[in-house]
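One-letter residues, chain by chain:
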Amino acid sequence: MNKIKIMSEHLANKIAAGEVVERCASVVKELVENSIDANSSEIKIELIDAGTREIKVTDNGSGMNHDDALLAFSRHATSKLLTEEDLFNISSLGFRGEALPSIASVSEITLKTSTGDIGTLINSKAGKIISEEKTDARVGTTITVKNLFYNTPARLKHLKSLHAELAAITDYVNKIALSHPNIKFSLYNNHKLLFNTDGSNNLLKVIKDVYGIEVAKKMIEIKNSNNDYSIYGYISYPEVTRSTRNSIVTIVNGRIVKNMELNKVINDAYHTYKPEDRYPIVVLKIEVDSSLIDVNIHPTKQDIKFSKMDTIKELITNTIEQQLKSISLIPNVESKTIKPAIKYEIPTLDLEREVKTEHNLIQEEIVEYEPKVKERLPELYPVGLIHGTYIVCQNDLGMYLIDQHAAQERINYEKYLYELGRPTNNKIDMLIPLTIEMPNNEYIILKENLHILTSLNFEVEEMGINTIVVKAHPIWLPKGYEDQAIRKIIDIVIDKEHFETEKFNEKVSITLSCKLSIKANENITIEEMEHLINNLRQCANPFTCPHGRPTIVFYSNYELERMFKRVI
Ligand code: ZN
Ligand code: ZN
């Protein structure tokens, strides 16, 4: 049976309006997705000069018979989309059939394909079929695209540098491999292997192939479901982060999706566990009934709309937060690992070389992560202080360094957040009422929002022109810093952005905890250190300050011995 059918002109035009083949990566994407649709278990991608001279994709999928192969070159052919309705229920990877004619019109193509009978070999140039013959019967398809855009110099000029093209292709192949761990992928450039996976359907193994063994060792498996969605995947320890959101990969019903809201939910679940400008490595598969999603019908966009966004958000947030809360997250200091942090950030100039070297390291086994639920922060005995900043502690396992400012900041942050969330009637009259004069514009904003201060148990009165007087304050304000704390809170009220209660409380807690905690270069006694560690232990997250920096790092006995060459 012929798999490709002609779709209606109307629909074809609709798609063609948005269809773009603009880069080597978009060609690779179309060809690879066709191979996936043909049920291939092995897909090989070979590039010459990052695809600008040649892109060859070989698969072991079902192949095409002679008529289908010919039809594939004609415009508006598709094997998947038959009616306009289908566009909205589409749960396959994207658009089929339309891509090949578009690619063919701007390149030279050789298509070799067989379903197991006599094979077909077709050559085309600038969209015209120039030869057609019978060939051997190896099941599957090989498409070679040469000299992309040779007949459209304007678009050729538009191609970025070879490195940028290669980086975009690598990024795409990495992601498609993550979304299909059951398919064996290999990617070559100028006959050099850049990347491959083994098709064993082990997601963690693919993560290792993409990000390296050191990252794979620091990934935590997650799995959960609710009535509408089920999620499965891996999230990184908060200490493993990247400088772009590109390391958050979401896959909905097997399709790679770029959804800002979803990325934000995942990133927010790490709130205060990592710096704001860093992003976790996450590979998350979401399964959902296709009636609950809308695939954006613009084929170059990979976005999607969820009709029950709230429940998926809640599921993701709870699952990640629960997982982070159940394990110990003290970073191990290891003298050997300096390199992996920047690897695979794309685009990188030395991409090709780095990927190569990575492959030599990868033979090590990945030890599956086992959550240690018992004591998140172990028993610690402080022995001294370095530069009035780092508390040195020890126990049977090794040595710990605690940043006393970061630790105090975390303790105060959680305390303030708690107090702000549950205002009581306990307030303290100020010995000397605090008078604050401010510019007229700020005064107007403050006057409108005085209720925020009153609800927090401040007693505030207007006094004369552009001046207020604070007569009492809530009991939890840091002792000795009351005036400063009040001024900071008023600043935040005036700064309009934070009127939403949750954000306001967050901002107040971070600001007060940072500005009014022990600073570096402040000597504290061993007793005070013990007290600090005990308070840190009570925290919901004792491992990072509210800015996401570590409060504590660990040097294992083994690591210490290694550093001093007592062991090798
Ligand atoms: Zn700070
Ligand atoms: Zn901090």
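Placed above this text is the structure.
Cut-offs used in this document
Residues numbered from 1 in each chain as written. Chains lettered and ligands numbered in written order. Predicted model: local features only at pLDDT ≥ 70, side-chain atom pairs only at ≥ 80, totals over all residues. Heavy atoms only, no water. Phe/Tyr/Trp six-rings, centres within 6.5 Å; stacked < 30°, edge-to-face > 60°. Helix = DSSP H or I, 4+ residues; strand = E, 2+ residues; numbered from the N terminus. Buried < 20%, exposed > 50% of the residue type's maximum accessible area, 1.4 Å probe, protein only. Lys NZ or Arg CZ within 6 Å of the ring centre and 35° of its normal. Patch = residues over 30% accessible without salt bridge, like charges linked within 9 Å, V, L, I, M, F, W, Y side chains within 5 Å. Areas by Shrake-Rupley, 256 points an atom, 1.4 Å probe, with all protein chains shown as cover. Salt bridge = Lys/Arg side-chain N within 4 Å of Asp/Glu carboxyl O. Lys, Arg positive; Asp, Glu negative; His and termini not counted. Charge placed at Lys NZ, Arg CZ, Asp CG, Glu CD. Donors = N, O, S within 2.8 Å, 3.2 Å for Na, K, Ca; no water. Expected span 1.5 Å × (residues − 1). Contact = heavy atoms within 4.5 Å. Axes fitted to C-alpha atoms, helices over the stretch in contact; angles between N-to-C directions. Parallel < 35°, antiparallel > 145°, perpendicular 65-115°, else oblique. Nonpolar A, V, L, I, M, F, W, Y, C, P; charged D, E, K, R; others polar. Pairing = 2+ DSSP bridges. Polar contact = N/O pair within 3.5 Å; in protein donor to acceptor, adjacent residues only side chain to side chain.

A. Quick look at the packing of aromatic side chains. The full count for this structure, using the stated rule, is 4 aromatic pairs. On the numbers, 5.5 Å between centres and 45° between planes, the contact of Tyr-416 with Trp-476 is tilted. With Tyr-416 in helix H13 (residues 404-421) and Trp-476 in the loop between strand E25 (467-474) and helix H16 (482-494), this pair connects stretches of sequence that are 60 residues apart. The class for Tyr-416 is buried, based on a relative accessible area of 2%. When the ring centre of Tyr-279 is taken as reference, the NZ or CZ atom of Lys-274 above it lies at 5.7 Å.

B. Structural view of a negative patch on the surface. Together, Glu-522, Glu-527, Glu-528 and Glu-530 line one region of the surface with negative charge. Looking at the element boundaries, Glu-530 is found in helix H18 (residues 526-537).

C. The coordination of the zinc ion (ligand 2), seen in detail. Around the zinc ion (ligand 2), the donor atoms from the protein are Glu-409 (OE), Cys-545 (SG) and His-547 (ND1), and they sit 2.0 to 2.3 Å away. Taken in chain order, the donor set of the zinc ion (ligand 2) reads E-x135-C-x1-H. In this structure, the zinc ion (ligand 2) lies 3.8 Å away from the zinc ion (ligand 1), the two metals sharing Glu-409 as a donor. When its relative accessible area of 25% is taken as the criterion, His-547 is described as partly exposed.

D. Examining the coordination of the zinc ion (ligand 1) more closely. Protein coordination of the zinc ion (ligand 1) is provided by His-405 (NE2), Glu-409 (OE) and Cys-514 (SG), with donor distances spanning 2.0 to 2.4 Å. Here the donor residues for the zinc ion (ligand 1) map to a single chain with the spacing H-x3-E-x104-C.

E. Highlighting helix H17 (residues 501-515). Taking 1.5 Å as the rise per residue, H17 with 15 residues should run 21 Å; its terminal C-alpha atoms sit 21 Å apart, in good agreement. If you check which residues of H17 are buried, you get Phe-504, Asn-505, Glu-506, Val-508, Ser-509, Ile-510, Thr-511, Leu-512, Ser-513 and Cys-514. Tucked inside the fold, the buried residues of H17 contact H13, helix H15 (450-455) and H16.

F. Structural context of the packing of helix H7 (residues 162-179) against helix H8 (residues 203-211). It is at 9 Å that the axes of H7 and H8 come closest, and there the two elements cross at 170°. The angle between H7 and H8 falls in the class roughly antiparallel. For the pair H7 and H8, the contacting residues are Asn-174, Ala-177 and Leu-178 in the first and Leu-203, Val-206, Ile-207, Val-210 and Tyr-211 in the second. Among the residues forming the contact of H7 with H8, the class breakdown is 7 nonpolar, 1 polar and no charged.

G. Region of the structure containing the environment of Glu-22. Tracing the backbone through its elements, the reader meets Glu-22 in the loop between helix H1 (9-18) and helix H2 (24-37). For the pair Glu-22 and Ile-103, spaced 81 residues apart in sequence, the C-alpha separation works out to 9.5 Å. In contact with Glu-22, not counting residues within four places along its chain, are Phe-149, Arg-155 and Leu-159.

H. Looking closely at the sheet that holds strand E14 (residues 248-252). Strand order in the open sheet formed by 5 strands is E11-E12-E17-E14-E15, with mixed pairing between adjacent strands. Of all strands in the sheet, those bounded by a partner on one side alone are strand E11 (219-225) and strand E15 (255-257). The mean angle between the axes of side-by-side strands here comes to 20°, regardless of whether they run parallel or antiparallel. As defined by bridge partners, strand E12 (residues 229-236) adjoins strand E17 (residues 282-288) across 7 bridges and the pair is classed as antiparallel. Each residue of the ladder has a partner; that of Tyr-229, found in E17, is Val-288. Sitting on the sheet, H7 touches E14, E15 and E17, and the angle it makes with E14 is about 50°. Lying over the sheet, H8 contacts E11, E12, E14 and E17, oriented at roughly 40° with respect to E12.

I. Seen up close, the side chain of Arg-410. With respect to the helices and strands, the residue Arg-410 is situated in helix H13. The class for Arg-410 is buried, based on a relative accessible area of 2%. At 3.0 Å, the side chain of Arg-410 and the backbone oxygen of Asn-541 are in polar contact. Beyond its immediate stretch of four places on either side in the chain, Arg-410 contacts Thr-272, Leu-536, Cys-539, Asn-541, Thr-544, Cys-545, Pro-546 and Thr-551.

J. Molecular detail of unusual backbone geometry. The backbone of Asn-190 shows a phi angle near 45°, a positive value even though the residue is not glycine. Inspection of the secondary structure assignment puts Asn-190 in the loop between strand E9 (184-189) and strand E10 (192-196). Relative accessible area serves as the criterion here: at 30%, Asn-190 is assigned to the partly exposed category. Here Asn-253, not a glycine, exhibits a phi torsion of approximately 50°, which is positive.

K. Representation of the environment of Leu-434 in the model. Assignment of secondary structure puts Leu-434 in strand E23 (residues 427-437). The class of Leu-434 is buried, set by a relative accessible area of 7%. The spatial distance from the C-alpha of Leu-434 to the C-alpha of Asp-483 is 7.2 Å, given a sequence separation of 49 residues. Beyond its immediate chain neighbours, meaning those up to four positions away, Leu-434 contacts Ile-468, Val-469, Val-470, Asp-483, Ile-486 and Arg-487.

L. The arrangement of the sheet that holds E25 in detail. Strand order across the open sheet formed by 3 strands is E23-E25-E24, with antiparallel pairing between neighbours. The two strands at the open ends of the sheet, each matched to only one other strand, are E23 and strand E24 (459-462). On average, each strand axis in the sheet is inclined to that of its neighbour by 15°, with strand direction left out of account. Pairing of E24 with E25 involves 4 bridges; the strand directions are antiparallel.

M. Seen up close, the pairing of E9. Pairing geometry for strand E2 (residues 42-48) and E9, over 6 bridges, is parallel. Bridge pairing in E9 links Leu-47 to Asn-189. Of the pairings in the sheet, the one linking E9 to E10 comprises 4 bridges and is antiparallel in character. Of the residues in E10, the one forming a bridge with Leu-187 is Phe-195. A loop of 2 residues connects E9 with E10, the two strands running antiparallel in sequence, and Asn-190 in this loop sits at a positive phi of about 45°.

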